[in-house]
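Geometric and topological summary
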Amino acid sequence: MNNTIPTVHLKNAWKSSHPWIFQRLVAKPAQRPRPGEIVDVIGVDGELIGRGFYNGHSRIALRMLDNDPNAVIDADWFARKIAAAVSLRRDVLKLDEVSDAWRVFHSEGDGISGLVIDRYADLLVLEFFSAGAFRHREWIQAALREQFPSCRFHMSADVHVQKQESFDFRGTEPAQPAVITEHGVKFRADPAGAHKTGFFADQRDNRQWLSQHVAGKRMLDLCCNTGGFGVYAAVRGASEVVGVDIDADVLSIAKGNAKLNHADVKFVQADIFPWLRDAAIAGEQYDVVVLDPAKMTRDREQVIPALKKYLDMNRLALGVVKPGGLFATFSCTGLVSEDQFLDMIRRAAFFSNRTVQVLKVAGAGPDHPWLAQVPESRYLKAAFCRVLD
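The structure reproduced in this document is the subject of the present report. (Residues numbered from 1 in each chain as written. Predicted model: local features only at pLDDT ≥ 70, side-chain atom pairs only at ≥ 80, totals over all residues. Heavy atoms only, no water.)

**Here's the deal with the pattern of salt bridges**
- Across all of its chains, the model carries 20 salt bridges by this definition.
- A salt bridge links Asp96 to Arg90, with the nearest nitrogen and oxygen atoms 3.3 Å apart.
- You can call Asp96 partly exposed: its relative accessible area is 40%.
- Each of Arg63, Glu108 and Glu165 takes part in salt bridges that share partners, so that together they form one network. (Salt bridge = Lys/Arg side-chain N within 4 Å of Asp/Glu carboxyl O. Buried < 20%, exposed > 50% of the residue type's maximum accessible area, 1.4 Å probe, protein only.)

Written out as structure tokens, the structure reads:
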């Protein structure tokens with residue numbers, strides 16, 4: 001046992017391989033470690049079961065990092081974890097061949113709970129979702145400099161995460177935007193702007209797949225955000241592209257992305273609900289329709305209302321798909337399961353009186369790996385459909 005770090009004892013036997021241990025299972029330490037401090041975790045039999053981040057203020061009291069009793073969680077341990085994650089992306093997935101924008105580190109999926117790192121060319125964007133990841137940010141930055149010697153950093157943490165995890169971080173000075181290339185298409189990534197990370201790299205494979213089916217087609221990109229799907233479609237030869245979003249700030253970025261690619265996209269600032277109703281009344285129909293709304297909720301109690309909202313918007317979106325057209329619909333709400341999402345599509349098809357043929361079910365790209373025992377890391381759901389009639 002490493003006697004230089006605090007110990008925390010469990011009140012009940014722990015046999016799960018999930019890295020989260022909740023507060024009710026943990027005995028209150030005589031001297032409570034600081035939020036995010038690394039501790040030895042002692043089982044009910046008195047044996048060391050591993051080491052992890054401790055947080056007495058969070059619902060998740062322990063985030064396990066290593067079950068090896070001989071492991072030392074230090075700067076070198078962090079460097080090895082980050083090096084392994086980068087090697088997966090570069091050597092196995094060979095992402096550098098298709099893009100200079102990809103997720104470098106995906107929290108539990110890569111072995112450090114609460115740490116998310118995205119790469120946009122030379123700019124690395126770090127998001128902290130646990131006090132432990134935040135507390136050890138200097139080790140993390142040092143490890144990243146080894147892998148990306150000329151990198152710049154932008155760091156942030158959502159206010160609600162800081163409250164839940166009991167740490168205070170106002171973020172770093174706004175980083176200058178980066179221009180990235182993905183499958184030959186250019187985008188401006190601005191983490192200090194309207195979108196918190198600058199660009200949705202998780203949709204890379206989905207954008208590429210759909211773009212192979214848009215040549216000569218009329219395409220509608222709903223909740224278009226910074227224009228990813230729409231710009232791809234215009235570059236790949238769509239005859240007409242319309243992007244709709246309620247947020248003027250992201251539409252400004254989207255227009256800039258279209259300009260970067262000399263792409264002709266018509267962007268409309270509007271709430272998609274009345275816009276789709278008006279489009280249906282006017283008899284508007286599109287060969288390809290994309291619906292990619294923002295996260296609906298972080299609250300388990302609000303999952304049912306979120307599903308109802310998904311149902312309403314999918315039903316309306318199906319109403320403007322031309323018979324035989326493609327419909328791509330997405331959910332990035334992690335609390336909504338894939339089964340729930342697919343059932344919602346079934347109900348949307350029923351209520352819109354359309355026959356929907358599911359061609360492909362997908363999710364985030366492989367640079368967003370998730371452990372089988374940690375399904376919470378799998379958040380993005382994608383369904384590519386053909387609307388038969």
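We are not done yet, so read on.
**Re the sheet that holds strand E7 (residues 115-120)**
- An order of E6-E7-E8-E9 is seen for the four strands of this open sheet, with the pairing classed as mixed. One side of each edge strand has no neighbouring strand; the edge strands of this open sheet are strand E6 (101-106) and strand E9 (152-156). Direction aside, the axes of adjacent strands within the sheet are offset by 20 degrees on average.
- Relative to E7, E6 runs antiparallel, the two sharing five bridges. For Trp102, the partnering residue across the bridge sits in E7 and is Arg119.
- Across the sheet, helix H3 (residues 137-147) touches E6, E7, strand E8 (123-128) and E9, and the angle it forms with E8 is around 155 degrees. (Pairing = 2+ DSSP bridges. Helix = DSSP H or I, 4+ residues; strand = E, 2+ residues; numbered from the N terminus. Axes fitted to C-alpha atoms, helices over the stretch in contact; angles between N-to-C directions. Contact = heavy atoms within 4.5 Å.)

**Quick word on the packing of aromatic side chains**
- For the structure shown, the criterion picks out 15 aromatic pairs.
- Note on Phe134 and Phe167: the rings are 4.6 Å apart at their centroids and 20 degrees apart in plane angle, and the pair reads as stacked. Linking Phe134 in helix H2 (residues 131-135) with Phe167 in the loop between helix H4 (159-165) and strand E10 (178-182), this pair joins segments that are 33 residues apart in sequence. Here Phe134 and Phe167 have matching classes, each one buried.
- Here the aromatic residues Phe128, Phe134, Phe167 and Phe169 are joined through ring pairs into a cluster of three or more.
- Its end group placed over the ring of Phe187, Arg207 keeps NZ or CZ at 5.9 Å from the ring centre.
- Over the ring of Tyr286 we find Arg218; its NZ or CZ atom is 4.3 Å from the centre of that ring. (Phe/Tyr/Trp six-rings, centres within 6.5 Å; stacked < 30°, edge-to-face > 60°. Lys NZ or Arg CZ within 6 Å of the ring centre and 35° of its normal.)

**Thoughts on the state of the cysteines**
- All told, the structure shown has zero disulfides when counted by the stated rule.
- The thiol of Cys332 is not disulfide-bonded; the next cysteine sulfur, from Cys223, is found 9.9 Å away.
- Cys223 supplies the cysteine sulfur nearest to Cys385, a cysteine that is in no disulfide, at a spacing of 16 Å. (Disulfide = S-S within 2.5 Å.)

**A closer look at the layout of surface pockets**
- As a volume, the second largest pocket reaches approximately 350 Å³.
- What lines the second largest pocket is a set of 18 residues, among which Ser17, Pro19, Met64, Leu65 and Asn67 lie closest to the centre.
- Element by element, the count of residues in the lining of the second largest pocket is highest for strand E5 (residues 60-66), at three residues.
- Of the residues belonging to the lining of the second largest pocket, the class tally is seven nonpolar, seven polar and four charged. (1 Å grid on protein atoms, 1.4 Å probe; cavity = no way out; pocket = protein on both sides within 12 Å on 5 of 7 lines; lining within 4 Å. Points joined across faces, edges and corners; volume = space filled by probe spheres on them. Nonpolar A, V, L, I, M, F, W, Y, C, P; charged D, E, K, R; others polar.)

**Quick notes on the side chain of Gln141**
- For Gln141, the position within the fold is in helix H3.
- Note on Gln141: relative accessible area 12%, which makes it buried.
- Ignoring sequence-local partners within four residues, the contact set of Gln141 consists of Leu126, Phe153 and Met155.

**A short note on the packing of helix H1 (residues 75-92) against H3**
- Contact geometry for H1 and H3: axes closest at 9 Å, N-to-C directions at 45 degrees. What the angle tells us is that H1 and H3 run oblique. Pair H1 / H3 crosses with right-handed handedness. Each of Ala75, Phe78, Ala79, Ile82, Ala83, Val86 and Arg90 in H1 lies in contact with H3, whose residues at this interface are Trp139, Ile140, Ala143, Leu144, Glu146 and Gln147.
- For the contact of H1 with H3, the class distribution of residues is 10 nonpolar, one polar and two charged. (Parallel < 35°, antiparallel > 145°, perpendicular 65-115°, else oblique. Left-handed = near helix turned anticlockwise from the far one by under 90°.)

**Remarks on the packing of helix H8 (residues 272-281) against helix H9 (residues 303-318)**
- Direction vectors running N to C along H8 and H9 enclose 30 degrees, while the axes themselves pass 9 Å from each other. When the axis of H8 is compared with that of H9, the two are roughly parallel. The two elements H8 and H9 meet at a crossing, and its hand is left-handed. Residues Ile272, Phe273, Leu276 and Arg277 of H8 form the contact with H9, whose own contacting residues are Lys309, Asp312, Met313, Leu316 and Ala317.
- For the contact of H8 with H9, a count of residues per class yields six nonpolar, no polar and three charged.

Any functional reading would require information that these geometric values do not contain.
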